[in-house]
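# Residue-level structural notes
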Amino acid sequence: MAKVFFLIFLSLLLLLPLSTAEIRSSEIRSDSRSIIPFAEFGFAPPGVLELNVSHLSLSNSSPELELSVLGFFLSTGDSWLHVLGQMQDGEITCALQSSLVKLVYTFNNLPAGAHSFNVAVSETDPGQFTLVFANCLPQLQISMDVRSAMYNVDQKTNRRDYLSAGSTVLPRVYFLFFLAYASLAALWIQVLYKKRLTAFRIHFFMLAVLVLKALNLLCEAEDKSFIKRTGTAHGWDVLFYIFSFLKGITLFTLIVLIGTGWSFIKPFLQDKEKKVLMIVIPLQVVANIAQVAIDESGPYGLDRYTWKQVLLLVDVVCCCAVLFPIVWSIKNLREAARTDGKAAVNLMKLTLFRQYYIVVICYIYFTRVVVYALSTITSYRYLWTSVVAGELATLAFYVFTGYKFRPEAHNPYFVIDDDEEEAAAEALKLEDEFEL
Ligand SMILES: *[C@@H]1O[C@H](CO)[C@@H](O)[C@H](O)[C@H]1NC(C)=O
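In this convention, every chain numbers its residues from 1, walking through the sequence in written order. Totals for whole chains, interfaces and linings use all residues, but because this is a predicted model, local features are given only for residues with pLDDT of at least 70 and pairs of side-chain atoms are given and counted only at 80 or more. Excluded from the side-chain calculations are hydrogens and water; all other atoms, namely the structure's heavy atoms, are used.

As named in an unreviewed UniProt entry, the protein chain is Protein GPR107-like protein, taken from Cinnamomum micranthum f. kanehirae. Note on the protein chain: under the UniProt heading Subcellular location (unreviewed entry), the record states "Membrane". UniProt positions are given in the numbering used here, feature names are shortened, and annotations may be inferred rather than shown by experiment.

Strand pairing requires that DSSP identify at least two bridges connecting the strands. Each helix corresponds to a stretch of at least 4 residues labelled H or I by DSSP, and each strand to a stretch of at least 2 residues labelled E; elements are numbered beginning at the N terminus. The antiparallel open sheet is built from 4 strands, whose spatial order is β2-β7-β4-β5. Looking at the sheet topology across the chains shown, the edges are occupied by β2 (35–43) and β5 (102–106). Taking each pair of neighbouring strands and ignoring which way they run, the sheet shows an average axis angle of 20°. Here a residue-residue contact requires only that any non-hydrogen atoms of the pair lie within 4.5 Å. For every element, the axis is a line fit to its C-alpha atoms; helices are fit only across the contacting stretch, and the angle between N-to-C directions ranges from 0 to 180 degrees. Each of β2, β4 (70–76) and β7 (127–135) touches helix α2 (residues 77–88); the most contacted strand, β4, lies at about 120° to it.

To continue, consider the site of the ligand. Here, proximity means that at least one heavy atom of the residue falls within 4 Å of the molecule or strand. The ligand sits among N52, N118, V119, A120 and R147. With 3 residues, strand β6 (residues 117–123) is the single largest residue contributor to the shell around the ligand. Classification used: nonpolar for Ala, Val, Leu, Ile, Met, Phe, Trp, Tyr, Cys and Pro, charged for Asp, Glu, Lys and Arg, polar for all others including Gly. The residue inventory of the shell around the ligand, partitioned by class, reads 2 nonpolar, 2 polar and 1 charged.

We call a set of buried residues a nonpolar core when its members are Ala, Val, Leu, Ile, Met, Phe, Trp, Tyr or Cys and they connect through side-chain atoms within 4.5 Å of each other. Relative accessibility decides the category of a residue: with a 1.4 Å probe and only protein chains considered, values under 20% of the type maximum give buried, values over 50% give exposed, and everything between is partly exposed. Counting 54 residues, the largest nonpolar core has Y356, V360 and F397 as its most contacted members. Of all the secondary structure elements, the ones that give two or more residues to this core are α3 (170–194), α4 (201–230), α5 (237–260), α6 (271–297), α7 (304–339), α8 (343–377) and α9 (384–404). When residues of this core are assigned to their parent elements, the largest contribution, 10 residues, is made by α7. The residues touching Y356, leaving out its near neighbours within four places in the chain, are I255, I258, I326, F397, F400, T401 and F405. Among the nonpolar cores identified, the runner-up in size contains 38 residues, and I28, L74, V83 and M150 belong to it.

Mapped onto the present numbering, the UniProt feature "transmembrane region" (unreviewed entry) falls on residues 173–193, 200–218, 238–264, 306–328, 356–375 and 381–400. Overall, residues 306–328 shows 100% helix and 0% strand. The separation of its end C-alpha atoms is 34 Å. Annotation note: span residues 381–400, helix share 85%, strand share 0%, distance between end C-alpha atoms 32 Å.

By convention in these notes, a salt bridge is any Lys or Arg side-chain nitrogen within 4 Å of a carboxyl oxygen on Asp or Glu. By the definition in use, this model includes 10 salt bridges. As a salt-bridge pair, D161 and K228 come within 3.4 Å of each other at their nearest N and O atoms. Of this pair, D161 sits in strand β9 (residues 160–161) while K228 sits in helix α4, and the two are 67 residues apart along the sequence. Using a relative accessible area of 13% as the deciding quantity, one classes D161 as buried.

So, on to the side chain of S164. Position of S164 among the secondary structure elements: in the loop between β9 and α3. Within 3.5 Å is the distance limit for a polar contact, defined as a pair of N or O atoms, with the added protein rule that one can donate a hydrogen and the other accept it, and that residues adjacent in sequence qualify only through two side-chain atoms. Of note is the side chain of S164, whose polar atom sits 2.6 Å from the backbone nitrogen of G42.

Cysteine sulfur atoms are paired as a disulfide whenever they fall within 2.5 Å. Counted according to the given criterion, the structure contains 1 disulfide. The disulfide partner of C94 is C136, and the gap between their sulfur atoms is 1.9 Å. Its S-S torsion of about 75° marks the bond between C94 and C136 as right-handed, since a negative value means left-handed. Of this pair, C94 sits in the loop between α2 and β5 while C136 is found in the loop between β7 and β8 (142–153), placing the two residues 42 residues apart along the sequence. Assessed through its relative accessible area of 1%, C94 is described here as buried.

Below, the structure written as structure tokens:
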């Protein structure tokens, strides 16, 4: 088992050198697609597109070819819909003829015999633009190497900013969240020290989860700020992927462990609970590989769609799997409440588990569904808000988990003897009275 993990992890690291980030290079070989999208960018003018094309060759080089219907253009999503409409109505036969797109370069401008060209165009309109290649000659196959770089220019400092308009604040956002988690970790260490007599192994595990999350955010901030400055990712991404891998595994493991009551209620795991971990951990490995593949392939990579499906599927399975142990615990507690006479204690534990179950579901729902919905409806300029929403929900989930399961001498969750059963019964009675 360990060997398999190691191999998977190794192949994960091998995937990394492909990294290209915001400056994108693609090789097109004997391609006859009529439309090839390359890269997407949110411009906040003044912005620039640099395009370098080399090793250009066409499958048919007869001089009668109408080269003005081959070329690159920039278009927003809205204009593209209109262009499609124009083509359907027969107003134009090629996207390059529409006045709604911004021409970057058409091949009739190529000097005779040239196999490469470089252009830089400045973009003066704000918006989310896609760089597209159009080939309106049926059956003509094209081969070329395309390198594209898009950036905005900061007017005060005159520096290039390779992050899209909606992502340019992300380095700062990630750093702020890093600070939040670092303070939480410091607080937790203090709690562990003060309550060291009632701290369980799982409390130290929680500390590890917090620290990994903080390191993951720090790497993400560093990574994004490097891309912002240079347009390329650096070798450090390896660290980022390692931490996000460890963070994913430890967080899911923690939810399962808390759900089973491990280390609080019982020092061992049952077989079926172990099976959940055996499913969740390898799936997390797959999820991380998929995430890397998606990040590296760019917005129009060919296998991107497949990887996204894989990621979605794996994520759904993991999220469902972690709920089982909580449901089993709730069932066990309900039975125990009926049979072992410690009804009050069990009832309190039951309430806690039910709460936890609901919070886990909300957390999963919010970070998967709501954040995704937000990112699709917000304007390209405010894309960072969905990141903030997701991170805030995650932070709230960590705080809730830590608070509810903190080490404490009189936490009803841990009581076992008869004295404390009485105390719990009293507490419950009080609670009932308050509710009435
Ligand atoms: C790409 O084209 C731009 C604009 O002409 C030029 O400034 C830049 O040096 C070129 N880059 C490469 C790698 O050729």
